[in-house]
Structures are given as structure tokens and as C-alpha cells.
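What the coordinates show
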Amino acid sequence: MTYTIGPVSCAPGERVQGLIPVGVSTYGVDLGIPLIVINGAAPGPVLCVDGGVHGDEYDGMEAIRRVLAETDPATLRGTLVGIPCVNAPAFEAAARTSGLDHANLNRIFPGDPDGSYSLRLAAAFVEQVIPAVDALVDLHTGGAYGEIAPLTIVQGGYEELATGIGLAAGHPLIWKGGKWGGTARLSALQAGKPAITVEAGGGTYREETVALHVRSVRNIMRHLGMIDGQAELLDTYTEVSGTFARSSAGGFFLGHADPGEECKQGDLIGRVVDHYGAILEEIRAPQDGIVLWVRRIRTVRTGDEVVIFGAVEGELRP
Ligand SMILES: [Zn+2]
């Protein structure tokens, strides 16, 4: 059956690309959500994989292009929708937030069709993408400012919907995150669709992070029966909750622990020093746990995030 998402239609066994329009740039160029669609020859679920909600998280964007390039429409069961870069104005600005209205797209879902560009973008995603898919995998990294341990966010309260694809993403850490709202993930979950965020890497673009994201998407496709093979699952997964530490002083940030590193309560994770080397602040583990994200940009201002610390909440066995 022909598959349609926004203005893009794709016959079985075909691959097409197109744009869900959201507006027009001052150059007169169409702005919107770029899509690559592969409609498999055989029926099956519709999986959407998106990247670039934050414009400085490059690894997921490339991972999506690679998975789509390597997927054969003749053997695919179901439909794969790739959105390599949701937030083109943030990508153009090489920034987390939009160059058009400086909004953080990952905090303003479900958006507003009459609002600023980012609000319109979120609204177009909610109105045209989410209803056209059966599951959503949202690829992120730690961003240009920081690096994150490979992990999967399964939103608390939506475990029944999201744990299946969450475990198939293949990372041993499951962050029961999402006290904050406004994400594409939450909008999809509220629409009754399985949705997760997969995090890995950051700081800069790395081929190893691209490979991690490709592996996650392929394993989720196996889990959903879209491609041949058995999904690989780990024996156990560690559930964590996250605590954001912010600096009380501006200065130069020095990290003393890496993402994924286990810490005992009181262990040094980072320091803020002034230009003379005097220590202005020490960031220590608030309890035993795992460092999830560490700042990589050395400039730190009062109130900036420096560390996300993970407390272990339990073990999960598939
Ligand atoms: Zn992100």
C-alpha cells in the first residue's frame, strides 16, 4: 500500500525524499522537516528515526542517512521514515537552539502552529509526523557542550509502551528520565506510540558514536520484525535517574570523571578554576552512582550545567 506522510507519498518497494513545509526562509527557500522514506515491499510497522532536534548533535544525523542508504526496500517489512535533521535553523547556527528564535526545540513540544518558527516546527511534527508513524526513535548526543554516556531514555510512566524498543536500543543504562516535558518523545508517547530517546557521545562528531546509533536503530528494526535476524538484548540493564549539577561560579571547567564512570559518594567529578588557577568550586558525587554527562566546553558561567549524575534505581532483566 502507498504510504503517505505530510506531502510525501511512497509506493511499496520504493524510496523517496521530500519536505514537510513549515515556512520560507528570507532567502525564499522552503523551510521544514526533511524526510527520507523507504516503504518496504512487505507490510509491517512504520518506524520513524529522527536526529538534529538539537542542531549541534551531528552523529545521529549521519547515522540516519547511513541506515536509510543501507536499507533495501525489497527486503524491508514495513516503512522506515528517516528525518536526518529536524531543526535545520539550529543546524545552520551550529547550535543546540534555533538560529531563528533561539528556542530549545526539545522543550517546547507540542508547539503552536501560530507561534515562532520553532513552535510551528514542533506543531508540524505533532500534526503530520506522529500520526503517520507507529514508533519514534529520537537520536541525540551530549551536544557540542558536553559528552554523555551511551544510554536510552525511557520516560517514567510510559514503561509499558517504550521499554521494548528501549532495551533493543542496546545500551546498558536506562535513564528513567523525562520529568521535564516538551519533548518529541513525550508527544509521541501521549499519542500512544512507543518512543525513546537514544543518547551517545557529544563534544564533537565521532564515527564511533555514529556506529553506536546505527547499531541501535538496526537492532530496533530487528526487534520490530522489519529486517531479518533476532534482536540482541543484554542480560541486564541498569536503571538510573539523573541529577543536574550547575556551577555556582563562572570560570574554567576541568572534568575529573568521564561519562559512564562509576563514582562513590564524595568523589571529585569536576572543578571550576579562575584564570590564576584558584579553585572556585568542586563538583562531587552526591551519592554512589554513575556519571551520565560531563561538560566538555571549558568556558563555564554561573548557572551553567557541568555534570549530570546518575543514581542507580535498579536492575532490569528482559
Ligand atoms: Zn539533544
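Structure shown above.
The shown structure was predicted, so the numbers you read here are calculated from the model rather than taken from an experiment.

1. Topic: the coordination of the zinc ion
Surrounding the zinc ion are the protein donor atoms His54 (ND1), Glu57 (OE), Glu57 (OE) and His140 (ND1), at 2.0 to 2.3 Å. Note that the zinc ion binds four donor atoms; their angles at the metal cover 58 to 147°, and the shape is irregular. Along the chain, the residues donating to the zinc ion fall in the pattern H-x2-E-x82-H. The exposure class assigned to glutamate 57 is buried, which follows from its relative accessible area of 2%.

2. Focus: the pattern of salt bridges
According to the stated counting rule, one finds 16 salt bridges in the structure shown. Residue arginine 65 pairs with glutamate 62 through a salt bridge whose shortest N-O separation is 3.2 Å. Remark: glutamate 62 and arginine 65 occur in helix H1 (residues 58-70); sequence separation between them is three residues, near one turn of the helix. With relative accessibility at 40%, the residue arginine 65 sits in the partly exposed group. Among the salt bridges present, the one from arginine 206 reaches glutamate 147, with a minimum N-O distance of 3.4 Å. Placement of arginine 206 in the loop between strand S10 (195-202) and helix H6 (207-223) and of glutamate 147 in strand S8 (residues 146-153) is noted, with a sequence separation of 59 residues between them. Here glutamate 147 falls in the buried class, since its relative accessible area comes to 15%. Linked through salt bridges whose partners overlap, the residues forming this network are Glu62, Arg65, Arg66 and Glu207.

3. Notes on the packing of aromatic side chains
Under the definition given, this model contains three aromatic pairs. Between tyrosine 58 and phenylalanine 91 the ring centres are 6.0 Å apart and the planes differ by 75°, which places this aromatic pair in the edge-to-face class. Of this pair, tyrosine 58 sits in helix H1 while phenylalanine 91 sits in helix H2 (residues 88-92), and the two are 33 residues apart along the sequence. Since its relative accessible area comes to 27%, tyrosine 58 is described here as partly exposed. With a relative accessible area of 40%, phenylalanine 91 lands in the partly exposed category. Where phenylalanine 109 meets phenylalanine 125, the ring centres are 5.7 Å apart and the plane angle is 90°; that geometry is what we call edge-to-face. With phenylalanine 109 in the loop between H2 and helix H3 (117-129) and phenylalanine 125 in helix H3, this residue pair connects regions lying 16 residues apart in the sequence.

4. Remarks on the side chain of histidine 171
The residue histidine 171 is located in the loop between helix H4 (159-168) and strand S9 (173-175) in this model. The class for histidine 171 is buried, based on a relative accessible area of 2%.

5. Considerations on unusual backbone geometry
The linkage connecting phenylalanine 109 with the following residue, proline 110, adopts the cis geometry, with an omega of 10°. Relative to the assigned elements, proline 110 resides in the loop between H2 and H3. Of note in the backbone geometry, alanine 94 takes a positive phi value of approximately 50° without being a glycine. Positionally, alanine 94 belongs in the loop between H2 and H3. Even without glycine at this site, histidine 102 takes up a positive phi of about 60°. The residue histidine 102 is located in the loop between H2 and H3 in this model. Classification of histidine 102 by relative accessible area gives exposed; the value is 60%.

Cut-offs applied
Residues numbered from 1 in each chain as written. Predicted model: local features only at pLDDT ≥ 70, side-chain atom pairs only at ≥ 80, totals over all residues. Heavy atoms only, no water. Donors = N, O, S within 2.8 Å, 3.2 Å for Na, K, Ca; no water. Tetrahedral: all angles 85-135°; square planar, octahedral: opposite > 155°, others 65-115°. Buried < 20%, exposed > 50% of the residue type's maximum accessible area, 1.4 Å probe, protein only. Salt bridge = Lys/Arg side-chain N within 4 Å of Asp/Glu carboxyl O. Helix = DSSP H or I, 4+ residues; strand = E, 2+ residues; numbered from the N terminus. Phe/Tyr/Trp six-rings, centres within 6.5 Å; stacked < 30°, edge-to-face > 60°.

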